[in-house]
Amino acid sequence: RLRFVGEDPIQLVSSYLPLRLCPELLSADFRAQSLYRFLEERGIFIARGYRTVEAVGAGAEEAKRLGVATGSPMIRIESIVYATDGTAVEYYEAVHRGDRTRFRVELVRQRSRPTAGRFGRPPAPGAQRFGVEVVPPGSPAGTYRRKRAGSRRG
């Protein structure tokens, strides 16, 4: 999926899901609907996941699709998410234009009840919010306005 803000390509995404979980994926049109909402409507609920974020240079194909020079700064995200029953549901790779994207993570800490156990207390329950903010062209860092990213197939 090639995602845009206005006419500008911002992100290139590849998602891999086991077809056996949801064969209707092959005929779904995700230009106007969320993948996770689509899955939830079919009884598949995402419970947790892991993401890795790294800085990389744009490869030739990524540069072409995103309209930047080969080697331009990119932010690469690799992710795997699991359903409530522990089934791996999606493996995700995305590259974001480094000149137009900034990530913000909000950490929320809540008190947890101590539990007895060999390894001590479990991690505190809580939430982590992960968002993407798109920086308009030519905007110095910190003086941008937020835009919601839309998606298009490409």
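Our subject is the structure that appears above.
Residues numbered from 1 in each chain as written. Predicted model: local features only at pLDDT ≥ 70, side-chain atom pairs only at ≥ 80, totals over all residues. Heavy atoms only, no water.

As for the pairing of strand S1 (residues 2–5)
Moving on, step 1. Judged by which residues are buried, S1 turns out to be covered on both faces: Leu2 and Phe4 on one side and Arg3 and Val5 on the other are all buried.
Moving on, step 2. Of the pairings in the sheet, the one linking S1 to strand S2 (residues 8–16) comprises four bridges and is antiparallel in character. Residue pairing for S2: Phe4 is matched across the bridge by Pro9.
Moving on, step 3. The turn joining S1 and S2, which pair antiparallel and follow one another in sequence, is formed by two residues; a positive phi near 65° is taken by Gly6. (Buried < 20%, exposed > 50% of the residue type's maximum accessible area, 1.4 Å probe, protein only. Helix = DSSP H or I, 4+ residues; strand = E, 2+ residues; numbered from the N terminus. Pairing = 2+ DSSP bridges.)

A closer look at the packing of aromatic side chains
Moving on, step 1. Evaluated as defined, the whole model comprises three aromatic pairs.
Moving on, step 2. Ring plane angle 35° and centroid distance 6.0 Å describe the contact between Tyr16 and Tyr91, whose orientation is recorded as tilted. With Tyr16 in strand S2 and Tyr91 in strand S5 (residues 88–97), this residue pair connects regions lying 75 residues apart in the sequence.
Moving on, step 3. The partly exposed category is assigned to Tyr16, whose relative accessible area is 46%.
Moving on, step 4. Considering the side-chain rings of Tyr50 and Tyr82, the 6.3 Å spacing of their centres and the 80° angle between planes classify their relative orientation as edge-to-face. Of this pair, Tyr50 sits in strand S3 (residues 46–57) while Tyr82 is found in strand S4 (residues 73–83), placing the two residues 32 residues apart along the sequence.
Moving on, step 5. Looking at Tyr50, the relative accessible area reads 51%, which means it is exposed.
Moving on, step 6. Here Tyr82 falls in the buried class, since its relative accessible area comes to 17%. (Phe/Tyr/Trp six-rings, centres within 6.5 Å; stacked < 30°, edge-to-face > 60°.)

The quantities given are spatial measurements derived from coordinates; they are silent on function.
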